[in-house]
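# Descriptive structure summary
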Amino acid sequence: MSIARVAGITVALCLSVVGGWAQQVGEVKGRVVSKDDSGIEGITIRIRQQTIATVSGEGGWFVLQQVPYGNHQVELSGVGYEALTHAIAVDRPLQTGVTIVLAASNRSLGTVDVSGRTAGEQLRQSGYNVNVIETRQYANTNADINQILNRSTGVKIREQGGLGSNYTFAINGLSGNHIKFFIDGIPIEAYGSGMSFNNIPVNIAERIEVYKGVVPAHFAGDALGGAVNIVTNRDRRRAIDVSYSYGSFNTHRTAVSTNYTEPETGLQVNFNGYFNHSDNDYLMRTNPKANEYLRVLTEDGGGFDTIASARRFHDAYRSYMGQLEVGVSNKKWADLMVVGVTYNNVYNEQQTGATQERVIGHVNNRSNSLVPNIRYRKARLFTEGLSLSAFANLANDKSVVTDTSSYRVYRWDQRPDAYFAEAGELATTKSIQHYSGYNNLAQAALNYELASDHLLMLNYTFNSHYRKSYNEIDPYNHSRDQSNRLNKHLVGLSYNHQLLANRWTNSLFGKYYGFTGKVVARDSSVSNQAAHYFGYGVSSSFLIIPAWGVKASYEHAYRLPGLIELYGNGIEVVGNPGLTPENSDNYNLGTFYNRWFGRHRVGVTAGVFYRDAKNYIHSTPALDNNSGGTFTSYYNFGGIKVEGAEVEVQYALGNLIRFTANLSYENAVDREKFVRGTNRVKVSYGSRLPDQPWLYGNTDFAIGKDDLLGQGTRLEFNWFMQFVNEYAYTWSKLAAPNTKYYIPAQWIQNAALTYSIQHGRYNVTLESRNLTDQIAYDNSKLQKPGRAVFLKFRYNLNIK
Amino acid sequence: MNIPAISGKRVQLWLGAALMATTFSACNNNDNTAPEVIDDPEFAIIVGTGNGRFFLPVEDLMSGTISPVGKGTDVSTILTWEENVVQKGRDIYHVDPNAAKFGKYRFEDGVLKTIQEIPFSHLPSLYIGWHTWIDDDQLILGPRSSNYYAIVNVKTMVVTKSGEFDKTGIPANHTRRVFSVIPKGTKLLLGYGLYNEETKVHYDKSYTAVLDFPSLTNLQVTSEDERSAPIGALRNGYFANFTEEGNTYILTHPIPLGANKPHLPTGFFRVNDGTYKIDPDYFFNVSALRDGDQQLGVAYLGNGKALLISAHDTETNVKEWNDWWYAAMWQYLVVDVKTQKVVRTLDFPLLGNSRSAVVHNGKVYIAVNDPGADAVYIWEYDSNTDKLTRGAKVDGADNDTPMLYKLN
């Protein structure tokens, strides 16, 4: 699909939504409070005889939009509070200062009723160790999902460069493939390789959930160390969110998220899309503190000169995605049924190899995916209390890696050292390598409410994956071409109940992991593999008082080896069919506190955790005799133990000030006592793993004022700082101290100023990242961008 | 067929062989000079720990404990590809394929110091397959499975010459893969194989050629032999040739860790004194004496004897690729190229792949990778008395055997 077509669809949808709003309407802005003036979150506010409704948010604040001029009766309801009807008159574009006091329900006296909370709040107070990030506070920033998540406790994302660069994602010290990613509960790989947390703009998401260590069974994924789920904007009645930003390094980012539901026919249309482009031509710098030097050839070519800085020159990145869903809702046979298609396309130039000492000038990677899907939802299926949701898709993922330049060994002055007519830039022969991956996924979830507050959930996911590759320049060389299929069956069964008037919430779950694979070996012999494993877990939370609770969770988790780990990718990864799954015992213990004192809200979450991860799957490098390039194979290794703690403190003063500070500590140590297959004690046994941050934190401060520059306006300033403590590149205790170096401590400052009018409908943000222009690294010898400035425009309207 | 390669970690196993090859090629290239007697030899060792490799001083090969805790230099980011290391005395040379540089480093005061690094992009692949000292200052080296070469003057740190060997004798749609480059007087002897680019097959044949040095001209193909292949080592660091009484012996490496030709035997070819071709009447078939087992070269012990390591019963012991390194199936053999016999199997249990050895005063010191022992130990083997003695303990070594270096 071309960009033009994506844009066309976007514009058509925008027009269709916007077109229905030409009437005289106003907005009502107010707050729901208790008798002690504490804001009440999660109260439904509905205008009688209208379809206009909303739910109060943090601090009890709410906005009713598109309210026709005239007198209205507003109905307020929420569990734990007496229902109330309140009269309002709308005779101007903006009606502010509406404060409605709700009385606690008699029924709730002496009890705590949690069902009036928002979905995010319910998750936070569940037994799981979960971060819930409501993305609306970041909606005006230029951030992508990763940058939002990187502010969260226990999460560390290590990027290799600018927009679109590779990254590793860690939760509580477990990283890489140990973490699973979902979009609306569907594994992200089901959407093709182009969909990634480093290119999805924040405006596509409504909420992000980070499950640390223990993952609910309804995410039927084999996550060893945790999972991240993005809840996207969809199935809203009428909503549109369009944004565009431009900034440093010729970075353009556009995001569109729009929904339309026709109330009478139930016709429903959802569209999400984005476009990203960046030249990523940021300045690289020599940094003796980190032992990083930018070297170029001397004039005679026989030696090196060190230069202070150089601009990246082959790191452009472009990606776009469009996701269109059409269906019906509120039918007798379905609460919702939609069919959709997702297309994404990525172009990525490669600037460096494994370190910035290897400069690349020509190799690039193009990929695209086309993913049709269907989803279905039905409550009261056959009987009261039984509901079904189902999802299926077919992903065809194509990518091409082009290595055809005979100019090779670039230096930072953009000049190549050598020319070999028959060689590629990376390999000794030229290649245009085509990959074609096929990922089919089917998922069904049955929920059955056995009785009030007792819920049984069954989830089944089938995933089938295979892959082909060939070299366009040498199509008859199939020496390492493979096309093996891996089928995974994942079943999750959980039983959730709430006791003591919902103060005590428990979840017990079990997971089945099965995989079958057909292996075509190098000698063309075919064999079949099959294995299965069982995991299990429990989570529990208890509210001591309404504002304060404790929680604990445990899971014995597995991660199955992936297709490429098992069977290779035909090029740089040679398979190892003997791999066995990784497994881990994950423990969490935490507490949470959240209370309003008048207009002041104080929140604290704190926890400790322990991970005992075994049978790690790691890659080891090797050399290919024919191509002269390197390749890797995956093997099982001993694993690690991680113990740690994290704390987050939040404070808010009404709508004026928000402040968050968090700190995460992880002590990840080598858990394998003996060198594998020997009686030799490892020298690293019990030592902290090198080359990964072990103490890091964030502070996030925002101050904003409504109506400062006119009615309906808001001016907000945000200052955000990231801190990573110094850490060792290699084992601390080994080697002479004077020969070692450390990655220095980093304090990265970011700031943003946002001006909104018409109650957030139109927004403009000026944002600067890495304001003090520090030389920043997430990985040794891979410098990240310095100071960058972006300007973002956003239009947002949401009618519930 | 593609040939799987050894992992980067495991390449360090070849370094000892590199040392040995260097040591003995130097000895034998200066034919019949009396070995220098060193009263106080210095040794060093590289120990891999599973995450980082450490270049350490060795105070005593035969007693005490050698440990990387608080000592030595982490060379993981300096000697980035262990197979690309060349040692000569205290100086360590390394081609960094990632940064495209050739570095000269010196081990002194217990740490590795950088002397000079120069750009090095003269070869299409910077993964080195072989090297040879032409004289004290000139190092010639080339990529694995390639016809390219480069000559570096390590005193001036200048690349003096580079390019491809003359293509005489290469049929159309074929490429030459050089495995051995051996100075013989004013000539260079090449041992190579031919690769069919259309069928993607490397022939089961060994070839030799000779060319003038230093002009690198006048290349003449001298012999073709199908008794074993490849003639020499596939990777930089294998011990693969020595010259004794003017005759040059070249070990073949058909083992899967070499050229992956399990149907061919490991053995020594001979190039007789005054000639530049394989002697058709000589082939020391080591595999035939070991029930078909294949071997890797470890070290030359002198007087026609060489130390090899032999993979025992690989059909049973090798279940996946890593087993070539870590399965306990290896035996040390002392072989005599004159009598064409295995004269000794060193009295160890079956070992992990362990080819680290240095020779000093007629004794060989081996870092022995015995999975059943509580550590890697250095063992001394005296071929005169046939006595094995256990020496220093190497603390913290992972599955990849530590590599010993003799610095003077």
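Keep in mind it's a predicted model, so treat the numbers as computed, not measured.

Turning to the overall build of chain A, a few remarks are in order. Tallying secondary structure elements over chain A gives 4 helices and 48 strands in all. Expressed as a percentage of the 800 residues in chain A, the buried residues total 46%. At a minimum sequence separation of 6, the contacts of chain A that also span at least 24 residues come to 65%.

Residue-level contacts link 51 residues of chain A with 54 residues of chain B. Tallying contributions element by element places strand β37 (residues 600-623) of chain A first for the side of chain A that touches chain B, with 4 residues.

All names here are of chain A. When pLDDT is averaged across chain A, the result is 85; 90% of the residues are at 70 or more. By mean pLDDT, helix α1 (residues 3-18) is the weakest element of chain A at 41, and strand β22 (residues 309-311) is the strongest at 97. When the criterion is pLDDT under 50, residues 1-23 qualifies, and its contacts beyond four places in sequence or with other chains add up to 28 contacts. Note on residues 623-629: pLDDT under 50 across the span, and 26 contacts to partners over four residues away in sequence or across chains.

Further remarks concern the environment of tyrosine 192 of chain B. All names here are of chain B. Inspection of the secondary structure puts tyrosine 192 in strand β14 (residues 187-196). Sequence separation between tyrosine 192 and phenylalanine 107 is 85 residues; the distance between their C-alpha atoms is 34 Å. Residues within four places of tyrosine 192 in sequence aside, it is in contact with Arg176, Arg177, Val178, Phe179, Tyr207 and Ala209.

The next point concerns unusual backbone geometry. Residues and elements named next belong to chain B. The omega torsion of the bond from phenylalanine 213 to proline 214 falls at 10°, within 30 degrees of zero and hence cis. Relative to the assigned elements, proline 214 resides in the loop between β16 (206-212) and β17 (220-225). In this structure, the amide linkage connecting alanine 229 to the following residue, proline 230, adopts the cis form with an omega of -5°. The topology assignment puts proline 230 in the loop between β17 and β18 (241-244). Not every positive phi belongs to a glycine, and aspartate 109 is a case in point at roughly 55°. Look at methionine 157: it is not a glycine, yet its phi comes out positive at around 55°. Turning to its location among the elements, methionine 157 is positioned in the loop between β11 (148-153) and β12 (158-164). The exposure class assigned to methionine 157 is partly exposed, which follows from the 17 C-beta atoms found within 10 Å.

Residue and element names in this part refer to chain B. Scored by pLDDT, chain B comes out at a mean of 87, with 90% of its residues at no less than 70. This stretch, residues 1-37, has a pLDDT under 50; its non-local contacts, to residues over four places away or in other chains, come to 97 contacts. Per the prediction output, this complex has pTM 0.82; the corresponding ipTM is 0.81.

Time to look at the environment of valine 159 of chain B. All names here are of chain B. By the secondary structure assignment, valine 159 is in strand β12. Looking at valine 159, the number of C-beta atoms within 10 Å reads 19, which means it is partly exposed. Spatially, the C-alpha atom of valine 159 lies 20 Å from that of lysine 187, the residues being 28 residues apart in sequence.

Calculation rules
- Residues numbered from 1 in each chain as written.
- Chains lettered and ligands numbered in written order.
- Predicted model: local features only at pLDDT ≥ 70, side-chain atom pairs only at ≥ 80, totals over all residues.
- Helix = DSSP H or I, 4+ residues; strand = E, 2+ residues; numbered from the N terminus.
- Buried ≥ 20, exposed ≤ 12 C-beta atoms within 10 Å, placed from the backbone.
- Contact = placed C-beta atoms within 7 Å.
- pLDDT = per-residue confidence, 0-100.

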